[in-house]
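# Reading the structure
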There are 2 protein chains.
Amino acid sequence: MSWDHTASISTLITLQDISKAGPTKDAATPVLSLSAQARSKGYDSVCLPLTTDNWKKRWTEMCLLPNGTDLAADMAAERRAEAWRAKPGFLLDEVTITQLDEAEGVIVTVSDWLELDASDDWVRHDAEIALQQELAYAAYLNIHTVILPPPRSRQHVSSYARTVNACLKKSPYMHISIRLPIYNPSVLEGSISSIPGSPSIPALQPASPAPSTPRLVVSDDRSTDSASTNLDATWEMWDVIRSICDYNTCLSLTLDLTPPLPVNSSFLNKWKAETIRYLFLPASTFIANTKGYPVLPKGTQSFIRDSVTHRPVVILSGANLGLHNVGGELAYSQYLRHLEKTSPSVQAALTSGTVENFAQGYQDYLQAPLQPLMDNLQSVTYQTFEQDPVKYHNYEEAIYHAVVDWPGEDKIILCVAGAGRGPLVARCLAAIKRAGRDAHIYAVEKNPNAYVTLLGKKEAEWHDQVTLLFGDMRFIDVPEKADILISELLGSFGDNELSPECLDGAVRFLKPDGLSIPSSYTAHLAPLSSSKLFNEARAGKDEKCLETPYVVMFRAVNLLSGDGGGTNGRCGPQVQECWEFEHPRRDAVLDERGLPLTNSHNVRSAKLNFFIPHSGVLHGLAGYFEAVLYGNIGLSIHPHRKNRISKDMLSWFPLFFPFKEPLYLPSNSELQVSIWRLTNQQQVWYEWHAEAFLNVNAIPFDTEVPVPSPRSATLANGGSFFSSPPTNTPSPLIDANDAFAFDRRASIESGSRLIKIGHTSLHNPGGRSSWIGL
Amino acid sequence: MSWDHTASISTLITLQDISKAGPTKDAATPVLSLSAQARSKGYDSVCLPLTTDNWKKRWTEMCLLPNGTDLAADMAAERRAEAWRAKPGFLLDEVTITQLDEAEGVIVTVSDWLELDASDDWVRHDAEIALQQELAYAAYLNIHTVILPPPRSRQHVSSYARTVNACLKKSPYMHISIRLPIYNPSVLEGSISSIPGSPSIPALQPASPAPSTPRLVVSDDRSTDSASTNLDATWEMWDVIRSICDYNTCLSLTLDLTPPLPVNSSFLNKWKAETIRYLFLPASTFIANTKGYPVLPKGTQSFIRDSVTHRPVVILSGANLGLHNVGGELAYSQYLRHLEKTSPSVQAALTSGTVENFAQGYQDYLQAPLQPLMDNLQSVTYQTFEQDPVKYHNYEEAIYHAVVDWPGEDKIILCVAGAGRGPLVARCLAAIKRAGRDAHIYAVEKNPNAYVTLLGKKEAEWHDQVTLLFGDMRFIDVPEKADILISELLGSFGDNELSPECLDGAVRFLKPDGLSIPSSYTAHLAPLSSSKLFNEARAGKDEKCLETPYVVMFRAVNLLSGDGGGTNGRCGPQVQECWEFEHPRRDAVLDERGLPLTNSHNVRSAKLNFFIPHSGVLHGLAGYFEAVLYGNIGLSIHPHRKNRISKDMLSWFPLFFPFKEPLYLPSNSELQVSIWRLTNQQQVWYEWHAEAFLNVNAIPFDTEVPVPSPRSATLANGGSFFSSPPTNTPSPLIDANDAFAFDRRASIESGSRLIKIGHTSLHNPGGRSSWIGL
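Please read all numbers here as calculations on a predicted model, not as lab measurements.

Attention now moves to the UniProt feature "site: Critical for specifying symmetric addition of methyl groups" (unreviewed entry) in chain A. Residues and elements named next belong to chain A. As recorded in UniProt, the feature "site: Critical for specifying symmetric addition of methyl groups" (unreviewed entry) lies at Phe 385. Within the element layout of this structure, Phe 385 appears in helix H13 (residues 379-386). Other than its neighbours up to four places away in sequence, Phe 385 contacts Leu 370, Tyr 392 and Ser 651.

This part covers the packing of helix H3 (residues 53-63) of chain B against helix H4 (residues 71-86) of chain B. Their axes nearest at 7 Å, the elements H3(B) and H4(B) cross at an angle of 115°. Here B:Trp55, B:Arg58, B:Trp59, B:Glu61, B:Met62 and B:Cys63 of H3(B) come into contact with H4(B), specifically with B:Ala77, B:Arg80, B:Ala81 and B:Trp84.

The subject of this paragraph is the nonpolar core. In terms of nonpolar packing, the biggest core is built from 417 residues, with A:Ile176, A:Ile517, B:Ile176 and B:Ile517 touching the most fellow members. Beyond its immediate stretch of four places on either side in the chain, A:Ile176 contacts A:Leu135, A:Val146, A:Leu148, A:Val164, A:Cys167, A:Leu168, A:Cys250, A:Leu251 and A:Ser252.

Next up on the list: the pattern of salt bridges. It is possible for side chains of opposite charge to pair when their charged atoms get near one another. In the structure shown here, the tally under the stated rule is 73 salt bridges over all chains. The residue B:Arg154 makes a salt bridge to A:Glu691 at a minimum N-O spacing of 2.5 Å. Of this pair, B:Arg154 sits in the loop between strand E4 (145-148) and helix H7 (157-170) while A:Glu691 sits in strand E25 (residues 683-695), which puts the two residues in different chains. Exposure remark for A:Glu691: the relative accessible area of 2% places this residue in the buried category.

Turning our attention to the sheet that holds strand E3 (residues 107-109) of chain B. Two pairing modes exist for strands in a sheet, parallel and antiparallel, and in both the strands are linked by backbone hydrogen bonds. Residue and element names in this part refer to chain B. Ordered by their spatial adjacency, eight strands build a closed barrel running E1-E2-E3-E4-E5-E6-E7-E10, and the pairing between neighbours is parallel. On average, adjacent strands in this sheet sit at an angle of 25° to one another, irrespective of strand direction. Summarising the sheet, strand E6 (residues 251-256) and strand E7 (residues 276-282) pair through four bridges and their orientation is parallel. When the bridges of E7 are listed, Leu 253 appears paired with Ile 276. Of the strands in this sheet, E4, strand E5 (175-181) and E6 touch H7, which is tilted by about 160° from E5.

Residues and elements named next belong to chain A. Across chain A, the average pLDDT comes to 85, with 85% of residues at or above 70. Confidence over residues 187-227 falls short of pLDDT 50; this stretch has 74 contacts with residues more than four positions distant or in other chains. Confidence drops under a pLDDT of 50 for residues 698-751, and excluding neighbours within four residues, the segment shows 81 contacts in the predicted structure. The ipTM value of the predicted complex is 0.86, and its pTM value is 0.88.

Take helix H15 (residues 423-435) of chain B next. Residues and elements named next belong to chain B. Taking 1.5 Å per residue as the helical rise, H15 with its 13 residues ought to reach 18 Å, and the 18 Å between its terminal C-alpha atoms agrees with that figure. Of all the positions in H15, only Pro 423, Leu 424, Val 425, Cys 428, Leu 429, Ala 431 and Ile 432 are classed as buried. Gly 436, located one to two residues past H15, shows a positive phi value of around 70°.

What counts and what doesn't
- Residues numbered from 1 in each chain as written.
- Chains lettered and ligands numbered in written order.
- Predicted model: local features only at pLDDT ≥ 70, side-chain atom pairs only at ≥ 80, totals over all residues.
- Heavy atoms only, no water.
- UniProt positions renumbered as here; feature names shortened; annotations may be inferred.
- Helix = DSSP H or I, 4+ residues; strand = E, 2+ residues; numbered from the N terminus.
- Contact = heavy atoms within 4.5 Å.
- Axes fitted to C-alpha atoms, helices over the stretch in contact; angles between N-to-C directions.
- Core = buried A, V, L, I, M, F, W, Y, C linked by side-chain atoms within 4.5 Å.
- Buried < 20%, exposed > 50% of the residue type's maximum accessible area, 1.4 Å probe, protein only.
- Salt bridge = Lys/Arg side-chain N within 4 Å of Asp/Glu carboxyl O.
- Pairing = 2+ DSSP bridges.
- pLDDT = per-residue confidence, 0-100.
- Expected span 1.5 Å × (residues − 1).

This is the structure in structure tokens:
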């Protein structure tokens, strides 16, 4: 295979495997010989239990006292236990690994009978001592990763989590992964605990007296509410664990895919925002295809295809048990490689020209947004952005149509405001040529270094058709007013690189009936969950790093909002528009030079209502922009519309507005996001804040049934998103806001009981952490 | 009057008052002459509006443009507005105060027509500029406090709050107080907006077409749920404001008492936890008593009596309007002084021997708990605690009864473990004498400095009846085993000064049938709200100060929990027991010296379920202890039981376990608190954590109806709280915990929809911020 695997495959070795394997002729140990066999079968690593049944027996006899029938024996056991508690340690036959070479590259599972969440204080205390002992022994053997058995109940998960946190503190170089079923398998009508190859998952799947064929209640997309609660139950436990462990980067998930997954169930999306390091997959989860080869159920297939982009280790268990007739042991890992190769995200990353390919290495990497007004960009930065084939293509089309549509026969005056190294000038020349119109171009640039490049291009290519002007578009004068003003000043959030303020200055160059390309742009937001981005943002040097927006290519994120919904249907779509800027702006009061007296007219604010269908943790806001260049030609990084408007455009990753404190949002809750664009005479900045609400009288939602929504309506009518003018149309959002009255009258009249349940801090007040210089 | 007033009284001067008052013969200004008049009437200060109607007129004409009927006039207004926005400032006739001497000691109200929460971005932006201008002018005049008009709607309160925060940042020495009605007066069936003397409160009390006598819907203690929501509405706005302002200590509340208050309504308790600096009280709120003098409605009376302990300024308005026939203007302030003098908390503070008197100056002051095992106390510390009349009285009674009850005629051997400077030794001698029994006392002390005092007392007073032993009770040997072991090692949370560990050592001195005084003790918790304590705790030098328990005499706090309630009634009482220690402990495994091998047996944990009847913000946990000394003699700081068990005991203030992040709790929510007492060979520490839940199918609660609860049951049966032995009795708490099963079976079978809505961090993991040395 010619590409690097994104996933690696490990095989689970059991205590039975070890006891069956004798030492080989080269005097290797059973573990060494099993590891060698696994490598020869193509596995990247092995996973095995650290302790033997002897350890279980000793611990149980010491720490779980029989009920007082023999007091002397109990006291003797308690005396042994006290001695052990004072100085915990193993005997030789209590562990599977004793040599460094046996431990090399292995993943170990700790004793799965440890009740870290026992309700009994003593049992839990002794289980914690045992766990610390196992971790210390693993660390001694240079083992880097251990997998813990899952918690047994929601009731005591905080005790489980507290223990895990204590272990993380005591073994700072050890990576701890928590095994959890992807959902609580009790929503299965039958039981799967008796499936061979599936090691016992204590408590989470209690043995059912009448096993039957597993059937998924959610598969008909009409989950009852209690089923939906149970679907969330394991995620909720994970959330408690990683929160109590304060998002420790040495903590991850081993997601157990034993329960078969539904197809297209949006409740699975939440796992995308979590740190999944291992996927546990027993051979018993595979079904036979028509030829008898093992394949996975459709839902599990697509989950794995989506997950490989996170580079997980898949731990296969029971592949050697012969559960399927055809293909043998290797059929399972070959099938996993097939899923990987056919994963859309892997394929996109392998195809040049895609954002996925362009963004290799930038996924979930936080970058400070550019400040091209304050800082002069470097040539290499211009070069990167000039490579975007889609953006400049759309600009040329917009200029071409604007020129073609321009009335009369006179020479057309174009002005490129912010010419950089000249890509827009070149597109202007191409468009004019195609249109067959007579035109002259003024190119304004304030970066003295880029201006040298422009001078070179004029001398070599452009000659008299282009006049270069050096200076800041907000302050210089031009010899002639333009018909068409062309600029590329947009940031990931539209106005966040001060396009409005710059064009306020440049609009002086425009004739009264002139037009601007772009003619308008809008900023958009959606609430987002991502442990990865939360950890990346707070890894900065001070707390201000959690109050600054970042440019990020999203990967391990999940948008928490659904389309529409909420009490009285007042919530807007998944991604909502904040505000708009239009150019040229004709209503501003200007001074004698044609400049606005203050920047007050560029103040904006938005209050957005999002419906949160599935519980999740809010870590930030995803910011996007859309721009109308001319007519129905635009640019968009809006996740639902970018492919129709500017597919494969590379120049902008989304913006990420972090929240300092993760905010827990239950299923069917509503999130009110406030965002302000503020300004003084020197700076522009954003402040943001959110409040969460829950409707306690809500009728249970059919969480998987799509709610008719503004977005799907737009998609359905098949027209361009520009087909109705973006302004003056009653926005469904604004209507929703108006309907959302918390005041006396509304709350008494409607009987609505929308209850506040939480909020974030106000972020970046006064621009203390982040501002853009005017 | 011989005592310092706890409240001070201010009078509100209106624009009408100012325009009526001409300058006096000594050429004073109207404001100076009104201030002098007020002082002569006994007011401590005056409150007056900062701006005149001229300012309102100019701002309105500039910033609220008429709807485009005259474009030229609009443009001219906009031009003036832009000039003002660029350089904001007043004209002479737009302000009431122009001289430093006029401003001295006055409180000003800013323009009450400023719409800081307008939905229109422009109006809000201009209102913010105007507010900043008013604050800057007030600061210029050395005015330290301004009162802001209330927000107009819940909908835009985040914008209001953002503006206030911007002002606090820009005027760091200015104290800003937000005027808010104590509840949303719209729950009144009629309107009170037309009452004279009550300045207009914009929007919060919309004019009603049919004014009628105000009648409080809640007064029958059976509020509907929507009324309860409205009762919380203004508090909820305050919570948004102070949260967005990050609990700024320059921000406070001016609580408007215009709406009459219900008697004994627990929803008012939440205001106790807030920073109330001013109470706004119009003369119109007063009613006439039988003689015609102005008095307040009962609910308002008791609210003010409770509030004076927070040292508020009461701003009286309209006292000069002659609304009541008898008593004249001075009758109002005289009546307020009467309320102050008859306030139970003021009276308690004036009575020597009460905790309130003893604790003067210590209210809400955070102290690190003592570590008497690790540190040797100073003589002055011993002296303070020896002054407690109640504690040592109860000890003497306990010793007396234990000696009287002691079987046989032999000499009784007593051992005081931790004798300090000798108060318990003295009580032992007194008890023995009263009982007429022959006894000998061993007194063990490890503090070499206190030991000198003991040596002095032996020589001077005790002679041969007492044998002194120098050393740590965990390690020394005694010449003779004791019948009764007496110790006073308890902290505010019972075991938090390592009494269990010390007595594990001292129990070696006890004969097999010996007894310990105390014989047992328990730790108790309740969830608590207090902006003051939250701010005090985080004022420490690093974030660890929010993970350490403190000893605090509570004042500005509110316990959030109610008694019982919750889904299936599984929540316990308002204050719940965590765990218990009993002495002597007879089941431990000991080494040859009689000492335990590990400290594992002193590990404890508790998971408590609290019902939260009224919305509030969780800032921490209040910790208390109770101890059984002997029989039914005990010590208690449990808020409901201390007066029956050890009234006026001074030695212990409660413990405060802070939370780093305030957690919002809606009405009728449930809080699950986990707390662990953990130990290794060197240290003991607590970790704590909480999760919040809401039952979305909850039937609306009658929030004012008391729920039958374990506590009130205990109170009702009239017996001692010790009447049933504290152990082996099924605790209502433990039953509740058992009933609280989140597991599959329970959640499916009961159809319960308890939804998680939030959690705190795990606090003090691994004892990183706070531990007690062994």
